[in-house]
Amino acid sequence: MSLLSIRNLGVGFGQVEAVKSVSFDISEHSTVALVGESGSGKSVTALSILGLLPETATRRGEILYGGKDLLQTPSRELRALRGAEISMIFQEPMSSLNPVFSVGFQVGEALREHLGLSRGEARRRILELFREVGLSDPEVKLGRYPFQLSGGEQQRVMIAMAIACEPKLLIADEPTSALDVTVQKQILDLIADLQRRRRMSMLFITHDLSLVGTIAEQVIVMRQGEIREQGSVAEVFGAPRDDYTRALLACRPPLDRRPARLPTVESLVHAKEERKRGLRGDETVVLEARGLAKRFDRVQAVKGASFKVARGKTLGLVGESGSGKTTLGLLVTRLHAASGGSVLLHGREAAPPKDFKRAIQIVFQNPYASLNPRFSVGQSLTEPMRIHGIGRDEAERRSRAEELLAKVGLPGSALFKYPHEFSGGQRQRIAIARALALGPELVVCDEAVSALDVSIQAQLLNLLQDLQDEYAMSYLFISHDLAVVKYMADEVMVMKDGEIVEMAGSDEIYADPKHPYTRTLLASIPR
Amino acid sequence: MSLWRLAWRRFCRDRVGIVSAAIVLAYVLLAAASAAGWVARDWSNEVGVSYAPPGFLGRDTVQEGLGEVIKAQPRADYGIPDPLGAELADIHANVSGASGRDTRAKTLAFGGDKWGRDVVQKAIKGTETSLVVGLAAAVLATFLGTLFGAAAGYRGGWVDDFFNWLYSVFTSIPYLLLVLAVAAVLDQKGIVTVILVLGLTGWTGIFRLIRAEYLKHRVREYVLAADAIGASNARRVFVHILPNVSHVVLVQLSLHVVLFIKSEVILSFLGFGVGVDTVSWGSMLAEAPSELILGMWWQIAAATAAMALAVTAFSLFTDAVRDALDPRLA
Amino acid sequence: MKYVVRRLWQFVPTLLGVVLLVFFLFNWVGGDPAYILAGKIANPELIENIRRSLGVDQPYWVQLWIFVRQVATGDFGVSWATNERVSQIFATRLGPSLTVLLPLLIISTLLAMAAAMLVAYWRGSLTDRAIMIGCTVGQSISILVYILVFQYVLAYQLGWFPVQGWGGTLGENLLRYAALPVLVGVVVALAPDIRLYRSFFLDEINQDYVRTARAKGLAEGRVMWLHVLRNAAIPIATNVMIQIPGLLAGAFLIERFFSIPGIGREVILAVERSDFPVIKAVTIYVAIATMIINLAADLLYKALDPRVELE
């Protein structure tokens, strides 16, 4: 029995067709996963069900629910449906909740609006809901404001608000993407549990394929506004028919293997060879950290970290947000002054700043923030050369910049363009080229691929690996993504609350984690 | 294609922006021509009769100047012959130009003021005054505000504390009051004084914005990246960050031109602005109260129209520049 | 509470700075007051006497000390023009100023808020653009023109309001004499306020929580007048508070032309007559008022926005 039917839905914003022609059904009591990368049109599809698109959007097609076409329904009737029969939760719980009203008030609004409950009845119901979604101390939380709750708690509140009136369909738009890995798992379990118990249908939207298997029966794969493939999870994941689906499935670094190169959407050639990782123990040490510590006011962000990075090898650093991993990366590059401990470059502590900066470089996470928007690509690349006096004149510097661009796979014409003319992945390439400009020995990659789509990630990881192979550079590879770290690193450090809780070779740490936190972390990875 | 280029393209697509830019340009050219002496050079010549009405009103429907006004008022005789009668008749003849030796115009294009000076020429000269003051003061204030803001925002620490203290001192006193107080003290009038007064007191808004910008950019990753490649502090402030802040500076400059034009008009109106030998829209407005009572509306109309058009055009131009440089989903 | 004490402490260096600035302006840069006071006909003896009585023949640090003492005790001596005690002047002039300012503030804020909300909601429509252009043009006309024209047309020609003047009782003042000044003030304040508040409302309307509120099935009216307004009220309220000190002094033009015996008119008269004690005193008083009002604005901000932590 089909609860919701979408027929030939098309959505446009001005010239751009965000959704071209999408048709699918959601049956009663079942979960459908809508999967795609950014720009695929999955969120727009979801928003059009409840009519939450901006007024500038043009819509075609039909959305059939309860015998009515939702695209033609007058707003008064639509409002009666919203929150009562069809509910939605969003990706960013902090900004999706009104900052100036208490969470109890906001959940209560939904109850009073649709069910007409009195204040007392509503309050009791809210407390029940809070308990159902797993919020501790519900009476206390009732009066709290959103900013006083953690990300996970905020999302639980959003969920409570959405299920308050017992909807038949819950639309979840990337509900866990903004949360830490361990919290993600809790929220996913909660949602799956609620769906089962209340026999709701769910439309679950995500870009993360690994989540789909745990939560959905049907899956729809979207790309650039069209559906590429749909069917049961078993069919689609086991025997994908569409090229794009196959590529998506293959791009993720698998946890049980380490292919010599990651396949990307473009190259569907599976590398059968494996890459070996690990330290022999006799490599030259490029960088050593001894008891590095950093204190901000009253918070000890890094509490005494000691490690060594070998030449031509990658040291992985894993942790969740707030673990101090980014701070540690900045300490290593001396961009933040350490409160304690030291960094030794080739065994020497007091290297003059200019030499130090030539030897140790960094690539940042956000490709949209790490390049100066007002500098042309050529300027960004020649600036380090200009500062350090590399190259005799502008012409020589420019030709070096062209070489760097070629190394990272970009054409020479990019020299005269500006960052905003490039995609996220291309900007990261430029950032990598800039880091290479001084010929460094160690590059800190601070979540360098985390902000990119899966297929672009794969391209960049391959690039980083190629550069390492060619120049024998070392990497300090920082990420929250365990699968990526396992793929890239020879040795892995796990960080929590400013401390390194475990450090081991990358194969060992995944096969046999010793510290309880490491084990929790590994257990949270959806497979 | 740089962001400036993109902004230019966006600006060119904005019809309101183009029109207002054209008007602003026209005003600037007019002011320049006036300054060079090509137009309105003889604005202070008393070419018309006192309170000459505008020509377009039609000669027969309007009283020709003050002479008519005086003539029209009945005088009570009380049956006593007026001992000064002969002299008065003489004066009246002079005032209304009946003696024929008078070469002054009865009507002027947009009327004349109390001394018969052409209102149009005064308005043009006033344009020169206002634009010169507005632009010069804005440049001064923007320069100071940007310099202080960059120093405070980037350095932090005691530099920031010092400038914040200076800022709070200057902003504790409401702007117009401060301007008046300074003007009261600098007893000499003149364009330079006005420019200094406005520029030295008007830097505070710009300071706060630029400081906030530098605070924001100082922790951005591209600045961190500049540090990573070895750029010095000074280089980071002027070569790396400033180009990212210049669009704010530009918009603030434009906004302050408008603010200073309006302030100068008020100052001149109160008599604290330009000297008596210079004309400003403010000094034209200062003559208005007494004129309005007599029913002479053309000088206030001319000054208001000139000023309103200039300020509106400048404001719309500023909005268009701001939208072009930093487009939001409008 | 600790926060308030700390902020009060911070007043001191700022106030000192203002005192220094005022002193620098008036005692150093300002012309020799003796000549001003002596009038047109003066002989050297008279000037010396005046100098001595004012204390300007003393070295600068002594003068500064005298001034600081004046600030501390609130006694700024007498007006050079009217010989009235300066503190007395303020006590009597405050009332009339407030009689005009308070209604002006309340009416203009409420009107501007309502208009801005509607305009923001209908953003991009013809109404929106027409009103915005109207505001832009309205702002470009000098306040002087508004005063002159309104006075001329509504009072002089049509006789709906008294041209100027002030009465004896509060009721009479409020309803009769303050009416036109308040009207002019509201008209002048509306244009910039509507533009500013519109941007505040637009910021809020684009937020995610508005989408959530709609997704819950709330009516548009509730979403706008409860959810959005409550959030936009924060910057609006702080903006209103910050305007107050400016209004105190800025209403001087209105007071001058409508002959309202308020602080603003005193200031203009003092500036015209180079009456230094009055100008100095006004500046100091207004500076203190500004600091107190800024503190009040911050406290109000904290009361309205639960996210704010005052340290």
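Residues numbered from 1 in each chain as written. Chains lettered and ligands numbered in written order. Predicted model: local features only at pLDDT ≥ 70, side-chain atom pairs only at ≥ 80, totals over all residues.

Now, about the overall build of chain B: what can you tell me, with residues and values included?
For chain B, the count of helices and strands is 14 helices and zero strands. Its helices and strands in sequence order give chain B the pattern α-α-α-α-α-α-α-α-α-α-α-α-α-α, from N to C terminus. The contacts in chain B between residues at least 6 apart in sequence include a share of 76% that link residues at least 24 apart. (Helix = DSSP H or I, 4+ residues; strand = E, 2+ residues; numbered from the N terminus. Contact = placed C-beta atoms within 7 Å.)

Break down the interface of chain A and chain C for me, citing the residues and quoting the values.
Between chain A and chain C, the contact holds 23 residues from the first and 17 residues from the second. Counting residues per element, the ones that place at least two in the side of chain A that touches chain C are helix H2 (75-81), helix H3 (93-96) and helix H4 (103-115) of chain A. Here the element with the most residues in the side of chain A that touches chain C is H4 of chain A; it accounts for four residues. Tallied by class, residues from the side of chain A that touches chain C come to 13 nonpolar, five polar and five charged. (Nonpolar A, V, L, I, M, F, W, Y, C, P; charged D, E, K, R; others polar.)

Break down the environment of Ala239 of chain A for me, with residues and values.
Mapped onto the fold, Ala239 of chain A is located in the loop between helix H10 (233-238) and helix H11 (243-251). Along the chain, Ala239 of chain A and Gly134 of chain A lie 105 residues apart, while their C-alpha atoms are 37 Å from each other.

Describe in detail the sheet that holds strand E10 (residues 226-232) of chain A, supporting the description with residues and values.
Within a sheet, each strand pairs with its neighbour through backbone hydrogen bonds, oriented either parallel or antiparallel. All names here are of chain A. As summarised here, the arrangement of the six strands in space is E6-E7-E8-E3-E9-E10, forming an open sheet in which the pairing is mixed. On the outer flanks of this sheet lie strand E6 (86-89) and E10, each paired with one strand and no other. On average, each strand axis in the sheet is tilted by 15° relative to the strand beside it, whichever way the strands run. Relative to strand E8 (residues 201-206), strand E3 (residues 31-35) is paired through five bridges, and the arrangement is parallel. Looking at the pairing, Thr31 lines up with Met202 of E8. (Pairing = 2+ DSSP bridges. Axes fitted to C-alpha atoms, helices over the stretch in contact; angles between N-to-C directions.)

Lay out the confidence of the model for chain B in plain terms, naming residues and giving numbers.
All names here are of chain B. Within chain B, residue pLDDT values average 82, and 86% of them lie at 70 or more. Within chain B, the element-level pLDDT minimum falls on helix H3 (residues 65-72), averaging 50, and the maximum on helix H5 (residues 119-155), averaging 92. Of the regions scoring below 50 in pLDDT, residues 60-64 engages in five contacts with residues more than four places distant in sequence or in other chains. The complex prediction reports pTM at 0.78, with the ipTM value standing at 0.79. (pLDDT = per-residue confidence, 0-100.)

Can you lay out the sheet that holds strand E14 (residues 340-345) of chain A for me, pointing to particular residues and giving the numbers?
Residue and element names in this part refer to chain A. With antiparallel pairing, the three strands of this open sheet are ordered in space as E12-E11-E14. Looking at the sheet topology across the chains shown, the edges are occupied by strand E12 (299-310) and E14. Adjacent strand axes in the sheet meet at a mean angle of 10° when their direction is disregarded. The strands touched by helix H12 (residues 325-332) are strand E11 (285-296), E12 and E14; relative to E11, the strand with the most contacts, the crossing angle is about 120°.

Outline the packing of helix H6 (residues 157-172) of chain B against helix H9 (residues 204-218) of chain B, listing residues and values.
Residues and elements named next belong to chain B. Relative to each other, H6 and H9 sit at 145°, their axes nearing to 10 Å. Once H6 is placed against H9, the crossing between them reads as left-handed. The segment H6 lies against H9, with Phe163, Tyr167, Phe170 and Thr171 engaging Thr204, Phe207 and Arg208. (Left-handed = near helix turned anticlockwise from the far one by under 90°.)

Report on the interface of chain C and chain B, specifying residues and quantitative values.
Opposite the 35 residues of chain C that make contact, chain B presents 33 residues. Counting only elements with at least two residues in the side of chain C that touches chain B, the list comes to helix H1 (2-29), helix H6 (126-140), helix H7 (143-157), helix H11 (220-250), helix H13 (263-272) and helix H14 (276-304) of chain C. The element contributing the most residues to the side of chain C that touches chain B is H1 of chain C, with eight residues.

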